[in-house]
Amino acid sequence: MMHNVPGELKVSNDCIADLAGRAALECYGVVGMAAADPQDGLMHLLPMYRLRRGIDVEVIDAVPHVVLHVIVEQGVNLARVSENLTSAVRFVLSKICELSNVEVSVHIEDIRH
């Protein structure tokens, strides 16, 4: 049973990043999130507890922009994986955070087999 509660919902960028990361890992073809190592500049697969490092969240003109840096499996259709990621992140953020206008960008950083 749902009840409308008066007030305002504020969601932190870190919370948005965590939710987006969990949604991304549920998508077919995604191996994990990626982040650049400052020492060698190479992209590395992040462990579950560091997913947030592979996601950039910024609010521009009251619109959240989410940038995912992912590593995908070899042999998957990259366009389809990107579409699924975008759709999954938007769905999760709309249902949990009530964010209806979210811009999602996917950067495929590496392909693993």
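See the structure shown above.
The paragraphs below set out a description of the structure included in this document. What you see is a predicted model, and the numbers here were worked out from it, not measured in a lab.

Conventions and cut-offs
- Residues numbered from 1 in each chain as written.
- Predicted model: local features only at pLDDT ≥ 70, side-chain atom pairs only at ≥ 80, totals over all residues.
- Heavy atoms only, no water.
- Helix = DSSP H or I, 4+ residues; strand = E, 2+ residues; numbered from the N terminus.
- Contact = heavy atoms within 4.5 Å.
- Lys, Arg positive; Asp, Glu negative; His and termini not counted.
- Charge placed at Lys NZ, Arg CZ, Asp CG, Glu CD.
- Salt bridge = Lys/Arg side-chain N within 4 Å of Asp/Glu carboxyl O.
- Buried < 20%, exposed > 50% of the residue type's maximum accessible area, 1.4 Å probe, protein only.

## Points about the overall build of the chain
Each helix and strand counted, the chain has 2 helices and 5 strands in total. Taken from the N to the C terminus, the helices and strands of the chain come in the order α-β-β-β-β-α-β. Considering only C-alpha atoms, the chain reaches an extent of 50 × 30 × 25 Å along its principal axes. Look at the contacts in the chain between residues 6 or more apart in sequence, and 64% of them connect residues 24 or more apart. Here the chain holds 9 positive side-chain charges and 15 negative ones, and the gap between their average locations is 5 Å.

## Things to note about the pattern of salt bridges
Under the counting rule described, the total for this entry stands at 5 salt bridges. Asp14 serves as the salt-bridge partner of Arg52, at 3.5 Å between the closest nitrogen and oxygen. Placement of the pair is Arg52 in the loop between β2 (43–45) and β3 (55–60) and Asp14 in helix α1 (residues 13–25), with a sequence separation of 38 residues. A salt bridge links Asp110 to Arg112, with the nearest nitrogen and oxygen atoms 3.3 Å apart. Overall, the relative accessible area of 27% leaves Asp110 in the partly exposed class.

## As for the side chain of His69
With respect to the element layout, His69 can be found in strand β4 (residues 63–73). Overall, the relative accessible area of 15% leaves His69 in the buried class. Non-local contacts of His69, meaning those with residues more than four positions away in its chain, are made with Gly32, Met33, Ala34, Gly54, Asp56, His107 and Glu109.

## A short note on the environment of Leu93
Note that Leu93 resides in helix α2 (residues 78–96). Look at Leu93 and you get buried, because its relative accessible area is 0%. When the C-alpha positions of Leu93 and Ala17 are compared, they lie 9.9 Å apart, and in sequence the two are 76 residues distant. Once residues lying within four places of it in the same chain are set aside, the contact partners of Leu93 are Ile16, Leu19, Val66, Glu98, Leu99 and Val102.

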